[in-house]
Number of protein chains: 2
Amino acid sequence: MKDYIERSGYDASLIGDDGNRFLIGNGYAGIRGTMEEDRKDRMVGITLAGIYDQVGKGWREPVNAPNFFYTCLYHQGKKLVVDEKTESHSQKLNYRYGIRERRTSWKLSEGIVTLTSRRIAHMVEPNLFMMEYELEADGEMTLNLSAGIDGDVWDIHGPHYAQIMFSREDGIINANAYIQNSNDKVCVTRSNHIRQKTKAGYEFMTVIESSHKEEQVSAQCFECHLSPGSPIVLRSYAAVFSSKDSNTPAKSCYGAITDLGWKDYDRLLKSHMEKWDDIWDRSEVVIDGDSEAQEAVNYSLYHLNIIAPRHKQGLSIAARGLSAQTYKGAVFWDTEMFIEDYFLFSQPEVARSFVKYRVDGLKGALKKARSYGFEGAFYAWESQEEGEDACSDYNVIDVFTERPVRTYFRDKQMHISSAVVWGMKNYMEHTGDTSLLLEGGARMVIECARFYRSLLIKRYGHQQYEIHDVIGPDEYHERVNNNAYTNKMAAFTVDYALEVVQMVRDLGPDAYDELKSQVKDLENFVSEISDLAPRILQKEPNAAGVIEQHDGYFKLEDTTPAKVKKRLKHPKEYWGGGHGVATDTQVIKQADVIAMLSLFHDSYTKDILERNFDYYEPRTEHGSSLSACMYAMVACKIGKPDLAYPFFMKSGTADIRGGGKQWAGLVYIGGTHPASAGGAWKNLIQGFAGLSIVSGQIQLDPCLPEHFKAIEFPLVLSGKLHRIKVTHDSTSVQLVKRLSKEYV
Amino acid sequence: MKDYIERSGYDASLIGDDGNRFLIGNGYAGIRGTMEEDRKDRMVGITLAGIYDQVGKGWREPVNAPNFFYTCLYHQGKKLVVDEKTESHSQKLNYRYGIRERRTSWKLSEGIVTLTSRRIAHMVEPNLFMMEYELEADGEMTLNLSAGIDGDVWDIHGPHYAQIMFSREDGIINANAYIQNSNDKVCVTRSNHIRQKTKAGYEFMTVIESSHKEEQVSAQCFECHLSPGSPIVLRSYAAVFSSKDSNTPAKSCYGAITDLGWKDYDRLLKSHMEKWDDIWDRSEVVIDGDSEAQEAVNYSLYHLNIIAPRHKQGLSIAARGLSAQTYKGAVFWDTEMFIEDYFLFSQPEVARSFVKYRVDGLKGALKKARSYGFEGAFYAWESQEEGEDACSDYNVIDVFTERPVRTYFRDKQMHISSAVVWGMKNYMEHTGDTSLLLEGGARMVIECARFYRSLLIKRYGHQQYEIHDVIGPDEYHERVNNNAYTNKMAAFTVDYALEVVQMVRDLGPDAYDELKSQVKDLENFVSEISDLAPRILQKEPNAAGVIEQHDGYFKLEDTTPAKVKKRLKHPKEYWGGGHGVATDTQVIKQADVIAMLSLFHDSYTKDILERNFDYYEPRTEHGSSLSACMYAMVACKIGKPDLAYPFFMKSGTADIRGGGKQWAGLVYIGGTHPASAGGAWKNLIQGFAGLSIVSGQIQLDPCLPEHFKAIEFPLVLSGKLHRIKVTHDSTSVQLVKRLSKEYV
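Draft legend 1. View of the relation of the copies chain A and chain B. Under the fitted operation, chain A is carried onto chain B by 0.1 Å of movement along the axis and a turn of 180°, and the coordinates agree to an RMSD of 0.1 Å. Both chain copies can therefore be described as sitting about a two-fold axis. Both copies share a contact surface, since 100% of the interface residues of chain A are interface residues in chain B too.

Structure, rendered in structure tokens:
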């Protein structure tokens, strides 16, 4: 497999993009692909998982750690940075092993100095980060090297630290950063080990007092006398602990690195790479006939793996991963709908963490439902810890008035709870793991069903229940009635609640008693909902075979995204909401009916799938990264892989190509696209390779794009690792090994 | 009674305002207070009742007739107009007799010429209009006088005529104006009778060929040799008929005026004035202690009378009367809520026409309900002929983008049908006239009840019916649930439908059989709704005694109109809708809960009325002319007439003071305010004088503002004219006479 991407040269306009493309991470933190000497104006970010802060009325977002990789060079008192005049510069990411490397040469009066640095976020030790920083010169020269912690953290809606206290002791630099609006703190510790190669081998160097004081930086300074053939190498270890991980985070930081010396670097690098080898054994795809697609998918899987929570059960994946504070570091339905499947079939313990995260969020979901006058569990649209909803009632700024616009994502996107249930069902079905049921999972599903029941209304004289005043997946149409997707998912949730109760019954009377103690009025509830799902109105195909997205959708102006785009009076104006150009038209942001058909394709004929694809696709802007995948899935189900291919590639290349939208007004919205990454995997494996699991058995119904010769991929199922290969006319499944843990 | 208003001098900025203040009319047409020589740039308008046209996507609006009073003077080839340099100029309206007079003097090289004109819209002959136009000079001079028809009609969303054909024959000028988008036509005919006073008496003058051709004008021209003591007087008759009034409108026009000569003028003026005397016998109010209020109310009643349809049953009153094409000449709930009462107690046959108009509109209302998936009758928010709804889905222009904004006045202001029912009930109750019941009135009420029934929804597990997704009277809050006013009116409608059916039963079995033949499935429907009203959720006062306007209203930002106004970024931006400054606050446009309490004050304690007044008044912008009246009514009910007084005066002086909003961007929205006029009467008579009719008996519970000594007013009830006087501590009711017709 090709295992790296790189970029040469410097282009200021690519700083945002490259920060994402060259991201490294380990689920605990993501570290943007910026230079070691960069400061916050170049969007340096070390984004931490699961720890948030809110300043004033700004968005509540994850905090960034002080930059423990901050390292810079001074030549004759002047700091060396990368710009247009830099002699040469390149950045590279080895995505097989999560090693990000940069190489920069500066031409100085005495000759050329070349800096090569490599850094990793350790995949086995989540709190550990390592960097190797090497200087080589082609002439005699003296540079000062400053290696420490930069506390001037880049924030989108910060600053999130009330205070940062630095300390330096025995060559170890520490920063204790106190979060503004909580009692939390983030501690960062860095140790430096610097050596120079001489004829006698690597020699120690001494620390000098720096004359290069920078604001909010604490660093060690080294005077580097460089000459050809005598490079200087700095090895740094950094540890991060927050009060979420440890009662004594500063102590934990020290503990993690004080004992690490120069030589430990190689050992730790090895264990890191072994972990990656294991991941790729379960993940790497081979696409014979399309190396670009193969690279795109594997690169996408890299991105999923560097943000997968492994250090703690009960964390999930945010919409922009750990690539920045973008989108508030919140968990959306992306996880369940697009991301979970890849982990389910490679590292089910990670998928379990996603479900656990939702189980832990039940408290917030119950509270949210109550606050809107509903029963049960109304999950957060933008979920932070304990299911708190970070979504504001004003999620868009009007470009004309610069006023916040009332949006209904938080209060009307009712389908979110069903996505949570879908994620649970998916996990249960493919792992057979019933352990979550009594850990709150069954209760979660039941409370989601209770939520949908409380949404149901019956119009006078009508027989069926309806659901009014929602936003479906397509966010351009707010406050609609009987959204096809939402009604379908509501019925699904109610039905699945009944299944879940039966599963618990099947575990035996103790289990059932336990559930009864967890769930209010369980038996009555079950009997009340036993025939409820069929009484919820479902949108049926019309005479032309098309399912109406919501009541009245067909009466809206029938036009195209291109035509609607021409009506924009400002390039950044919002297309939806009260006044948007798409609002009163049939132009939709993303798959909606097609999302439903993608999930429930078994319930419809190929003909219906096709007619709906043909109807909705030309009306879809694909303005969300969640859209292309759904269309590609349905295109595969109607046997048109070549129609699916561009959608698949759109998902697969979202991050490797970059170039996505980076800014909304003054707010940074860039970052990686985990949902697209997961969607690409789903398209490839469940779409083109046609994987499905029927009664625990692997089934393959390949439907390859014409230019594909074969797809090979590993698959974990029921504790066994398989290797699968499909071609246009053959399929093979080979058992590689039984995995050590039950589901892993 | 003071019986005139006047204005001296010329101010270009008052042309719009004065067009309304000096309006004359007779229910068939309204003629704006402009000068005879004015053309459309000065907003000359002769607005016709009940005949509409729509051009392209512009608003459908009433047509204006060609200007049959177009008359001008030329001095040495130059047209005389009024401007800043004019020697003297004044305009006067005698509102006792509906005679509008103007007097203008121009200083010419030969001396001063003074023009005095008087014109009327005949109150007995609705198609007849008359003008006397007199010239007097203080020196010898020759002027040319041109007297004809100006076909260059002022339109707001025109032009509405495809073609205008002029003809002149035997001194009679005729214009046939063919409406753009229908087969309708408007015919206008004018005859001129001109005489000069000499020592021998009034002498005939001859017509000359004019050299003063103007585009789209057809006129007779007279050479006027003026000298002191020898004035020239032109008497003109004009007739208007449209194809709505006559199969042969041109012939009808000729027929109306060919036989009228110079001398008929005095006779016709007399009959016109006698009609006004009769109207004032039934209308004139005397307020001892407040001549300003007295004048304002009588002037308001003048305005109601000049637009009251008397020539044809089944016409109503438009929101801006006949003062222009403003607001599409459409009938709003203003008629039933604010205007009907005055007519009910003075000229009940006019009130009957309002109800008949709604009965005739049932067809449109049934169609509208069906088009939105409801049953029964959903009346037009902006009603034109046959109940067609002129209201657009885009009733507001965004000032920032200049794009139309989706508003929900047409589809969500569900309370309109209940206003129609309220109007019917009010008419029935106070006249005892059951004749409308089987003319469609009973069916109308029943279909309105059926409409509300079809709006009802029941949330799962809830016992009561709710009504979701409406706009209440306060238009700033769109798509709300359980608006207190709407839910109350829905229950009222359902109950009244049951009453109406009982009334028909009481008329005997034939009547009931007739109703059964008119109404689909009557008996089942009646039995189904027999216990429905109490099952519709009603908003009850909270612990503080305040009734929440709609679900969630109390959770909105609590602020004031003044504070919200400061947030405007453009003086003309719309406060409501998706993005308005008031939308997410408790600031409301107009009385909403207070409107409900005003109608149902008997059902609440004084304390509740007061607490709601105190809560809502500071949060109300009073941005609609319908607001002040409701607040004044409730203030009277809580025994605070001095609190009511400024609201009463706001309603009463809306037209006499003028100065209201004239333009919304480029669209003229000025005109008279019949609802305010009717509201002022209601405040005075039902508020301050405390009139109510209990079991057919006049009851008075006066509650006079401190500075009032007494109110005297006539009242028609059950075919009898009474004279009523109330003081702070006494009331008297005196029977004046029995009226000739049963209800008149």
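Draft legend 2. Local environment of the packing of aromatic side chains. All names here are of chain A. Counting across every chain of the model gives 80 aromatic pairs over all chains. Ring geometry for Phe343 and Phe354: centres 5.5 Å apart, planes at 85°, overall edge-to-face. With Phe343 in helix 5 (residues 334-344) and Phe354 in helix 6 (residues 348-360), this residue pair connects regions lying eleven residues apart in the sequence. With a relative accessible area of 0%, Phe354 lands in the buried category.

Draft legend 3. Summary view of the sheet that holds strand 29 (residues 720-727) of chain B. Residues and elements named next belong to chain B. Ordered in space as 20-28-29-30, the four strands form an open sheet in which the pairing is antiparallel. Only two strands of the sheet have a single partner each, and these edge strands are strand 20 (286-288) and strand 30 (731-738). Strand-to-strand twist in this sheet, taken as the mean axis angle between neighbours without regard to direction, amounts to 20°. In terms of strand pairing, strand 20 meets strand 28 (residues 710-717) through three bridges, oriented antiparallel. Bridging across to strand 28, Asp288 finds its partner in Ala710.

Draft legend 4. Representation of the pattern of salt bridges within the structure. Counted by the stated rule, this structure contains 104 salt bridges over all chains. A salt bridge links B:Lys244 to B:Asp184; the shortest N-O distance between them is 3.8 Å. One end of the pair, B:Lys244, is in the loop between strand 19 (232-242) and helix 2 (249-257); the other, B:Asp184, is in the loop between strand 14 (172-179) and strand 15 (185-198), and 60 residues separate them in sequence. Given the relative accessible area of 36%, B:Lys244 is considered partly exposed. For B:Asp184, a relative accessible area of 15% corresponds to the buried category. One salt bridge connects B:Asp469 with B:Arg479, and the closest N-O pair in it is separated by 2.8 Å. You can see B:Asp469 sitting in the loop between strand 23 (457-459) and helix 11 (484-506) and its partner B:Arg479 sitting in the loop between strand 23 and helix 11, a full ten residues away along the chain. The same class applies to B:Asp469 and to B:Arg479, which are both buried. Salt bridges linked by common partners bring A:Glu36, A:Glu37, A:Arg100, A:Arg102 and A:Arg119 together as one network.

Cut-off values and rules
Residues numbered from 1 in each chain as written. Chains lettered and ligands numbered in written order. Predicted model: local features only at pLDDT ≥ 70, side-chain atom pairs only at ≥ 80, totals over all residues. Heavy atoms only, no water. Least-squares fit on C-alpha atoms with pLDDT ≥ 70 in both. Contact = heavy atoms within 4.5 Å. Phe/Tyr/Trp six-rings, centres within 6.5 Å; stacked < 30°, edge-to-face > 60°. Helix = DSSP H or I, 4+ residues; strand = E, 2+ residues; numbered from the N terminus. Buried < 20%, exposed > 50% of the residue type's maximum accessible area, 1.4 Å probe, protein only. Pairing = 2+ DSSP bridges. Axes fitted to C-alpha atoms, helices over the stretch in contact; angles between N-to-C directions. Salt bridge = Lys/Arg side-chain N within 4 Å of Asp/Glu carboxyl O.

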